[in-house]
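Structural characterization, general
Chain by chain, the residues run as shown.
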Amino acid sequence: MNAYDRSMDRHTCPHDPAPWSAFLSRPLAGLAVLLLGLWLALWPDFAHAVPGETDVTLQARHWTDPSGRMGIDEVARRADEDFQAMEGYRSFQLGAGALWLRLDVPPRDTARRWYLMLSAGAFTNLATLYTANPSGGWMAQQAGDHLPVSQWSHPDQTPVFLVDPQATGPVWLRLENHPAPVSPRLVLLDERQLQDTRQWTFLLVGGYLGFGLLVLFLGWVHARLYADRAFIAYCCYVACMLGFQAAFTGVGGLFFWPDHPAWNDAAPPVFMLWLTASGIWFVREVCVVSRHSRGVDRFVLAWSVFGLLFPAVYLLLLNRPAFIVLNLYGLLSVLLSFGLCVWTWRRGETYAGWMALGFLPVHLAYPFPALRSAGVLPDSWATQYAVLIGSAIEIPLLLYILHRRAKDFSENRARLRAIESTDPLTGLTIAPVLMLRLRDALRRARRYSHRFGLVLVELSNHGAIVEREGREAGDRALVVTASRLSAVVRDVDTVCRIAETRFAVLVEGPEDLKLLGQHIVAKGLERVPQLPSDLALRFRLVSAALPDEADGSVDDARLMERLNHALDRLADDPRKVVLHLPQVV
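Residues numbered from 1 in each chain as written. Predicted model: local features only at pLDDT ≥ 70, side-chain atom pairs only at ≥ 80, totals over all residues. Heavy atoms only, no water.

A word on the overall build of the chain. Secondary structure summary: the chain contains 17 helices and 15 strands in total. For the chain, buried positions account for 50% of its 585 residues. (Helix = DSSP H or I, 4+ residues; strand = E, 2+ residues; numbered from the N terminus. Buried < 20%, exposed > 50% of the residue type's maximum accessible area, 1.4 Å probe, protein only.)

As structure tokens, then:
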């Protein structure tokens, strides 16, 4: 490709966008590696399980106190037949009652300290472990959301109780939780195993929170950079996701609000509702729902506002119907967000389809904690960490999609702004911009004695080209003319199309206008590949140079009028194609 062809391409060929597969392949590969690492780190039976820990849930026997008022002495005197065996992991809907678990601790090494951990029980209202002491009384250890974490018998991110391996008789665990069901999972482990469990949990959740804060910062930077509300909605969504994970895993109660039991109890549902509401708002902004239906847009906005305000109603009522509404809101919001993405994608919103894929990791993980909260699934590793892993994949993927969207929109806005100041056919500067620059050049000439030149160029055989080859060939000749004029001047000079076949060149600084005129005429005579070989571009031009001391009476309009009049008169003499006017005085 020669220099002319490259110049021609600059004015005629738009830049091809990168294919979607190219821009998504690398981040998807990185996210796949991240998912694999998190799975290996968290799956207790495959990777970093704490060796020697014992799940004793199915060894316990249970009985439910409907009133929730019976004490340990009354429960311990009940007949063994009242307590049923735990035949499998299950959940219990207690209401105002309490669940009692009787556990005969299996023999253990008396040289080590042993603990009973209520796994994935960070959001249990109250858990009390009773063990008999030598004097015949009972020693109680307490934990749960209704107590400040700092006042738990053994502060941790989930209830933990010390068990004496030398104690005789069973231990009794009393659980309260309302309005959500309780799904006990009991793990017996020694001090070293408990420490290993804590370290892995703090490492993973801490790494997740740190990574989330970094992504939140990047999202805020993008919001300031692009002034796009979608990034503000994204930042709110990420912030609520981080708050929800801190509350759901118990890390928030242990480190961030250890002395505020009311907030520790309310944080999981509040952050869940805010997370869902901000997610719907985020989808609304990215999918531009208002562009497709005002009615749907109003409904989506009202749905988001409901999620923002409903926590106050939920905490005020704190009953089973409010809990059902909370779960239905979360489930329907998942369906709504996915449906909006697909609907707007089918109506032409390209990035809405990618948003649907970006939300997919959390949408696939959401049923685990939702079904656990509804009492369908028992507490487990999946119900505790599925959303955490899904959001670790989703959050950076959504930011990358938003970044590509904002970048494309920014380029489109730049092109639209360029159209306002450029000729749509040739891509050259429009006449008003030329007149502004000419006025500035005159001002500099008067003030600082700077010299400049002005050249008007006419494509004199444009009519003949159109008559012989058609209008399309005539437009192509104009584009080639713009390209060749741009090729013979410097970057600081201005080339402008001021009429159908007439161009202006503002030459900044001292320049040999006669030599420039000859160069322009010769450039037009070069062969044009898009036109027949016997058909060249024939230019006529007139030029004028402003002297060191300009007459104050000369302005931009008069200068342009004089050169246009001279170029019109030049057409009367077909043998003459170049005219250099004397200096304007």
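That shown, we press on.
Turning to its location among the elements, Ala233 is positioned in helix α5 (residues 229–248). For Ala233, a relative accessible area of 0% corresponds to the buried category. Placed 46 residues apart in sequence, Ala233 and Gly279 show a C-alpha to C-alpha distance of 7.6 Å.

Okay, the side chain of Arg405 next. One can find Arg405 in helix α12 (residues 381–420). The class of Arg405 is buried, set by a relative accessible area of 5%.

Turning our attention to the pattern of salt bridges. Applying the stated criterion to the full structure yields 28 salt bridges. The salt bridge partner of Arg468 is Glu469, with a shortest N-O separation of 3.3 Å. Note on Arg468: relative accessible area 44%, which makes it partly exposed. A residue is classified by how much of its surface remains accessible, and Glu469, at 37% relative accessible area, is partly exposed. Across the pair Asp475 and Arg471 runs a salt bridge, and its minimum N-O distance is 3.5 Å. Of the two residues, Asp475 and Arg471 both sit in helix α15 (residues 471–488), 4 residues apart, roughly one turn of that helix. Among the residues examined, Asp475 registers a relative accessible area of 24% and is labelled partly exposed. The exposure class of Arg471 is partly exposed, given its relative accessible area of 45%. (Salt bridge = Lys/Arg side-chain N within 4 Å of Asp/Glu carboxyl O.)

The next subject is the sheet that holds strand β15 (residues 578–580). A sheet is described by the order of its strands in space; here 5 strands give the open sequence β12-β13-β11-β14-β15, paired in mixed fashion. Since the sheet does not close on itself, it has two edges, and those belong to β12 (494–497) and β15, each with one partner. Here the strands of the sheet are splayed against their neighbours by 15° on average, with no regard to which way each runs. Pairing of strand β11 (residues 452–459) with strand β14 (residues 539–545), which is carried by 7 bridges, proceeds in the antiparallel orientation. Bridging across to β14, Gly453 finds its partner in Ala545. Sheet strands in contact with helix α17 (residues 556–570) are β11, β13 (502–508), β14 and β15, and its direction is about 40° off that of β11. (Pairing = 2+ DSSP bridges. Axes fitted to C-alpha atoms, helices over the stretch in contact; angles between N-to-C directions. Contact = heavy atoms within 4.5 Å.)

This part takes up the nonpolar core. As a rule of thumb, soluble globular proteins bury nonpolar side chains together. Membership of the largest hydrophobic core comes to 69 residues, with the highest contact counts inside it found for Tyr208, Tyr234, Met241, Phe282 and Met355. At the level of elements, α4 (191–226), α5, α7 (261–287), α8 (294–317), α9 (320–346), α10 (350–365) and α12 are the ones that each hand at least two residues to this core. Beyond its immediate stretch of four places on either side in the chain, Phe282 contacts Ala230, Ala233, Tyr234, Met355, Phe359, Leu398 and Leu402. (Core = buried A, V, L, I, M, F, W, Y, C linked by side-chain atoms within 4.5 Å.)

Taken residue by residue, the chain gives an average pLDDT of 86. The fraction at 70 or more is 87%. Note that residues 35–50 has pLDDT below 50 and, in this model, 25 contacts with residues that lie over four places away or in other chains. (pLDDT = per-residue confidence, 0-100.)

Another aspect to go through is the sheet that holds strand β8 (residues 160–163). Sheet strands pair via backbone hydrogen bonds, and the direction of the pair is either parallel or antiparallel. The strand order across the open sheet formed by 4 strands is β1-β10-β5-β8, and the pairing between neighbours is antiparallel. Two strands in the sheet have a free side with no partner beyond their single neighbour: β1 (54–55) and β8. Across 2 bridges, the pairing between β1 and strand β10 (residues 186–190) is antiparallel. Its bridge partner being in β10, Asp55 is matched across the sheet by Val187. Lying on the sheet, α4 is in contact with β5 (114–118), β8 and β10; it crosses β10 at an angle near 115°.

Time to look at helix α13 (residues 431–448). In this model α13 runs 25 Å from its N-terminal to its C-terminal C-alpha over 18 residues, within 8% of the 26 Å that 1.5 Å per residue would give. Turning to α13, its buried residues number three or more, namely Val433, Leu434, Met435, Leu438, Ala441, Leu442 and Ala445. Packing partners of the buried residues in α13 comprise β11, β12, β13 and α17. Where α13 ends, the next residue or the one after it, Ser449, has phi of about 60°, a positive value. (Expected span 1.5 Å × (residues − 1).)

Attention shifts here to the environment of Ala322. Secondary-structure assignment places Ala322 in helix α9. Among residues more than four places away in sequence, those in contact with Ala322 are Phe310, Tyr314 and Leu317.

So, about the pairing of strand β2 (residues 61–65). With 2 bridges connecting them, β2 and strand β3 (residues 84–85) associate as antiparallel partners. Among the inter-strand pairings, Arg61 is bridged to a residue of β3, identified as Ala85.

Here we take up the packing of aromatic side chains. This structure, assessed with the given rule, holds 20 aromatic pairs. Where Phe244 meets Phe248, the ring centres are 5.2 Å apart and the plane angle is 25°; that geometry is what we call stacked. Placement of both Phe244 and Phe248 in helix α5 is noted, with a separation of 4 residues, approximately one turn of the helix. Judged by its relative accessible area of 9%, Phe244 is buried. (Phe/Tyr/Trp six-rings, centres within 6.5 Å; stacked < 30°, edge-to-face > 60°.)

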